[in-house]
Amino acid sequence: MFKSPSPLAEEPRTKIIEQLNARLADGLDLHSQIKVAHWNVKGPQFAALHPLFESFAVALAAFNDEIAERAVTLGGRAYGTARQVARASGLPEYPAETSRDLEHVRLLVERFEKYLDGVRAARAIAEKLGDPDGVDLFTRVVAEFEKNAWFLRASLE
Ligand SMILES: [Fe+2]
């Protein structure tokens, strides 16, 4: 554990860093899956979904960066290589053969919801451990990705 400007004690910091790295693994995995959907989507909804998926990837990349930097700010390390992510992610793999537009929407919304479950759980832990700034970060992720999950759900209805 490295020195940190945070006033949190080492034990809660260690637990929060673990949560940040778990969310980073899910987030980097989800980012790669969104890009795969962005590249491979085909069908009548292509023109709407191709840029929509890219906007999700851009938003998630910014959060992944914030989450990684928060782990290091708290005195930890950020683990984010493709191999580390493949071992640590809690998301299911993205089916390689998918091409139809609404099938991508369905697969992504399932994964957004799984990702959100993890972020909400991390937020509850940060709250219990007295880290309001971690709570704030996770809340911003939840608000953005609940909105994005709604965009997807609305396309399916
Ligand atoms: Fe692109």
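Criteria and thresholds
- Residues numbered from 1 in each chain as written.
- Predicted model: local features only at pLDDT ≥ 70, side-chain atom pairs only at ≥ 80, totals over all residues.
- Heavy atoms only, no water.
- Helix = DSSP H or I, 4+ residues; strand = E, 2+ residues; numbered from the N terminus.
- Rg over C-alpha atoms; globule rule 2.2 N^0.38 Å.
- Buried < 20%, exposed > 50% of the residue type's maximum accessible area, 1.4 Å probe, protein only.
- Core = buried A, V, L, I, M, F, W, Y, C linked by side-chain atoms within 4.5 Å.
- Contact = heavy atoms within 4.5 Å.
- Salt bridge = Lys/Arg side-chain N within 4 Å of Asp/Glu carboxyl O.
- pLDDT = per-residue confidence, 0-100.
- Phe/Tyr/Trp six-rings, centres within 6.5 Å; stacked < 30°, edge-to-face > 60°.

1. Structural notes on the overall build of the protein chain
Turning to step 1, where the next piece is worked out: Broken down by element type, the protein chain carries five helices and zero strands.
Turning to step 2, where the next piece is worked out: Secondary structure elements of the protein chain, listed N to C terminal, follow the sequence α-α-α-α-α.
Turning to step 3, where the next piece is worked out: Relative to the compact-globule value of 15 Å for 157 residues, the protein chain shows a C-alpha radius of gyration of 16 Å, a close match.
Turning to step 4, where the next piece is worked out: Burial analysis of the protein chain (157 residues in total) assigns 44% to the buried set.

2. Focus: the environment of L129
Turning to step 1, where the next piece is worked out: With respect to the helices and strands, the residue L129 is situated in the loop between α4 (101–128) and α5 (132–156).
Turning to step 2, where the next piece is worked out: Classification of L129 by relative accessible area gives partly exposed; the value is 22%.
Turning to step 3, where the next piece is worked out: Counting along the chain gives 22 residues from L129 to F151, while the straight-line C-alpha distance between them is 33 Å.

3. Overview of the nonpolar core
Turning to step 1, where the next piece is worked out: Core analysis: the biggest nonpolar cluster contains 41 residues, and I34, F53, F112 and Y115 have the highest contact counts within it.
Turning to step 2, where the next piece is worked out: Residue assignment for this core shows that the elements contributing at least two residues are α1 (10–40), α2 (46–73), α4 and α5.
Turning to step 3, where the next piece is worked out: For this core, the element with the most residues is α2, which contributes eleven residues.
Turning to step 4, where the next piece is worked out: Each residue touching F53, except ones within four places of it in the same chain, is listed here: I34, A37, H38, V41, H104, V105, L108 and L152.

4. Things to note about the pattern of salt bridges
Turning to step 1, where the next piece is worked out: Per the stated rule, a full pass over the model turns up 13 salt bridges.
Turning to step 2, where the next piece is worked out: Between D131 and R70 there is a salt bridge, and its shortest N-O distance comes to 2.8 Å. Taken as a pair, D131 in the loop between α4 and α5 and R70 in helix α2 lie far apart in primary sequence, 61 residues in all. This pair shows no difference in class: D131 is buried, exactly as R70 is.
Turning to step 3, where the next piece is worked out: Among the charged side chains, a salt-bridge network with shared partners connects E103, R106, E110 and R111.

5. Focus on the confidence of the model for the protein chain
Turning to step 1, where the next piece is worked out: Overall, the prediction assigns the protein chain a mean pLDDT of 96, with 100% of residues at 70 or greater.
Turning to step 2, where the next piece is worked out: The lowest-confidence element of the protein chain is α5, averaging 96 in pLDDT; the highest-confidence one is helix α3 (residues 82–88), averaging 98.

6. Looking at the packing of aromatic side chains
Turning to step 1, where the next piece is worked out: Under the counting rule described, the total for this entry stands at five aromatic pairs.
Turning to step 2, where the next piece is worked out: Ring centres 5.2 Å apart and planes at 75° place the aromatic pair F112 and F145 in the edge-to-face group. You can see F112 sitting in helix α4 and its partner F145 sitting in helix α5, a full 33 residues away along the chain.
Turning to step 3, where the next piece is worked out: Centroid distance W150 to F151: 5.2 Å. Interplanar angle 45°. Geometry classified as tilted.

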